[in-house]
There are 2 protein chains.
Amino acid sequence: MSPDDSRHCAKALRMRPGDAIRLTDGAGTLADASLLSVAPDGCVAEVTARREVPPRTLRLHLAVAPTKNADRMEWLVEKTVELGVERITFVVCEHSERRRIDLDRMHRLAVAALKQSQTAWLPELQMADFKDFIAEQAATDAARYVAWCDDDNTRQFADADFAAGTVLLLIGPEGDFSPVEIDLCRTHGYVEVKLGSRRLRTETAALFGCVIVASHN
Amino acid sequence: MSPDDSRHCAKALRMRPGDAIRLTDGAGTLADASLLSVAPDGCVAEVTARREVPPRTLRLHLAVAPTKNADRMEWLVEKTVELGVERITFVVCEHSERRRIDLDRMHRLAVAALKQSQTAWLPELQMADFKDFIAEQAATDAARYVAWCDDDNTRQFADADFAAGTVLLLIGPEGDFSPVEIDLCRTHGYVEVKLGSRRLRTETAALFGCVIVASHN
């Protein structure tokens, strides 16, 4: 077991050999295990039972512009672990006030949420510039959606006709996407959608999308 | 204008007579106004335009057991304002670890979220004991749902056949409802539902329900 987890077992939880623990690799495997030896610099455990949690048939790739307030993204990452998101890309847009995310910190938060929620899938986290991201995604077969605040558009993401596979949902920054960015989405076949009838904060919009996809699984 | 808002206008925002502000009564009215006089102990504004935001056709009464960690309820209240919830009842259940909520603090947070999100409806907040709540609700015509972790039940809240009116959704505490509480729900006509396929934290489950209802409006 990792140094962090070993220290946690030995010091914080004061576990002893024979105690039962649960393990996951964050890629679909959950295991029951029994501690053989306990030490702050390395515990050893024996797996007693193993269970595979299949990936969802409908998988969400959430692409979201980082909010100015980093707490809101940390909170979002925690919730996406619970709700079961496959991948999160923090996309830096023209109107983004924040252009950097501490991916290591986000990864640690995701791992902590994974342990707490006892789920088996850890979302992949990455960062990209908007244009690079659109170009990169052009080669995938994900069903593409972009949520933005266009009063003329009444198509709801919740009413989309989801098929098995990956759904890519783009959520813009506090100042919304720029006209150039929306044009780029249009030329790349993104379906423009709304998330309910009210204007939502970036992280609430992202969560809205996660719930809609989770409700189809 | 209230002493708090007046101080905020005068001191923090350093507004001056003639500056434009937006007002809401939290009960469906939004107004544009112009400041006539500015003073920390009382600003005066003149309403220049008024707009009524109709209530939603599908309204959510969220009844949720308070989480041990109060921050999670504060976060939930903020999100419910954005998503448009009519009423939140904090219901104390048999397995509730927290039996008190500071309703005044929650109300202040809701008002702050209302101002930030520029919506027009403030949720009503109340607190109740589980049994009293079930008895009180028996007299209403709300469509009643209870979300709990029963592996035998596969009915999804997202698939419910919602009709215009009020939907009441009950969300249990960290240790779930007690068998007695579930029986009481059954005898009172609550439809048992799931919120997706994964076990969710209390506040995530509550938010899941809010998004599903909001996606029908």
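Remember, it's a predicted structure, so these values are computed and weren't measured experimentally.

Asker: Where do I start with the domain arrangement of chain A in this structure?
Answerer: Often, the extent of an interface is quoted as the loss of accessible area on bringing the components together. Residue and element names in this part refer to chain A. We note that the domain assignment places domain 1 (3-52) and domain 2 (58-214) within chain A. Averaged C-alpha coordinates put domain 1 and domain 2 at centres separated by 33 Å. With nine residues of domain 1 at the contact, the number on the domain 2 side is seven residues. Roughly 570 Å² is buried in total at the junction of domain 1 and domain 2, and carbon and sulfur atoms are behind 53% of that figure. Between domain 1 and domain 2 we count one salt bridge in total. Residue K115 is joined to D5 by a salt bridge in which the shortest nitrogen-to-oxygen separation is 2.5 Å. Put simply, domain 1 and domain 2 have four residue pairs in polar contact (both at pLDDT 80 or more) between them. Within the residue set of the side of domain 1 that touches domain 2, elements represented by two or more residues are β1 (20-24) and β2 (29-37). Its residues assigned to classes, the side of domain 1 that touches domain 2 comprises two nonpolar, four polar and three charged.

Asker: Explanation requested: the layout of surface pockets in the structure shown.
Answerer: Empty space among the atoms can be located by rolling a probe the size of a water molecule over them. Residues and elements named next belong to chain B. Taken as a whole, the largest pocket encloses approximately 1,100 Å³ of empty space. In terms of lining, the largest pocket is formed by 39 residues, of which the most central are C149, S197, R198, R199 and L200. Of the residues forming the lining of the largest pocket, the biggest block, three residues, is contributed by helix α6 (residues 202-214). Along the lines of polarity and charge, the residues of the lining of the largest pocket split into 14 nonpolar, 11 polar and 14 charged.

Asker: Sorry, what's going on with the confidence of the model for chain A here?
Answerer: Confidence in the prediction of chain A, expressed as mean pLDDT, is 92, and 100% of residues score 70 or more. Within chain A, strand β7 (residues 143-147) of chain A carries the highest mean pLDDT (97), whereas helix α1 (residues 3-12) of chain A carries the lowest (85).

Asker: So what exactly am I meant to see when it comes to the interface of chain B and chain A here?
Answerer: Listed as interface residues are 24 residues of chain B and, on the opposing side, 24 residues of chain A. Buried surface at the junction of chain B and chain A, summed over both partners, amounts to about 2,400 Å²; 53% is from carbon and sulfur atoms. Looking only at chain B, the three residues that lose the most surface to chain A are E82(B), R198(B) and R201(B), adding up to 25% of its buried area. Across the chain B-chain A interface, the total number found is eight salt bridges. Taking the shortest distance from any N to any O, the salt bridge between E78(A) and R72(B) comes out at 3.1 Å. Those elements that place two or more of their residues in the side of chain B that touches chain A are α2 (70-83) and α6 of chain B. The dominant element in the side of chain B that touches chain A, judged by the number of residues it contributes, is α6(B), at seven residues. Taken together, the residues of the side of chain B that touches chain A break down into 10 nonpolar, six polar and eight charged.

Asker: Where do I start with the sheet that holds strand β6 (residues 124-129) of chain A in this structure?
Answerer: Hydrogen bonds between backbone atoms are what pair the strands of a sheet, whose relative direction is either parallel or antiparallel. All names here are of chain A. The sheet built from six strands is open, its strands ordered β6-β5-β4-β8-β7-β9 with parallel pairing. This sheet does not close on itself; its edge strands, each paired only once, are β6 and β9 (191-193). Direction aside, the axes of adjacent strands within the sheet are offset by 25° on average. As judged from the three bridges shared by β7 and β9, these two strands associate in the parallel manner. Within the sheet, the bridge partner assigned to A147 lies in β9 and is V193. Contacting β5 (87-92) and β6, helix α3 (residues 103-117) crosses the sheet at an angle of about 155° to β6.

Asker: Help me understand the relation of the copies chain B and chain A, please; the structure alone is not making it clear to me.
Answerer: For the pair of chain copies, the relating operation is a rotation around an axis with a shift along it. Note on the copies: chain B fits chain A at an RMSD of 0.0 Å, the axial shift is 0.0 Å, and the rotation between them is 180°. In symmetry terms, the pair is related by a two-fold rotation axis. Interface overlap between copies: 100% of the residues of chain B at the interface are likewise at the interface in chain A, consistent with a symmetric, same-surface contact.

Cut-off values and rules
Residues numbered from 1 in each chain as written. Chains lettered and ligands numbered in written order. Predicted model: local features only at pLDDT ≥ 70, side-chain atom pairs only at ≥ 80, totals over all residues. Heavy atoms only, no water. Domains from an automatic or database assignment. Contact = heavy atoms within 4.5 Å. Buried area = accessible area lost by both parts, 1.4 Å probe. Salt bridge = Lys/Arg side-chain N within 4 Å of Asp/Glu carboxyl O. Polar contact = N/O pair within 3.5 Å; in protein donor to acceptor, adjacent residues only side chain to side chain. Helix = DSSP H or I, 4+ residues; strand = E, 2+ residues; numbered from the N terminus. Nonpolar A, V, L, I, M, F, W, Y, C, P; charged D, E, K, R; others polar. 1 Å grid on protein atoms, 1.4 Å probe; cavity = no way out; pocket = protein on both sides within 12 Å on 5 of 7 lines; lining within 4 Å. Points joined across faces, edges and corners; volume = space filled by probe spheres on them. pLDDT = per-residue confidence, 0-100. Pairing = 2+ DSSP bridges. Axes fitted to C-alpha atoms, helices over the stretch in contact; angles between N-to-C directions. Least-squares fit on C-alpha atoms with pLDDT ≥ 70 in both.

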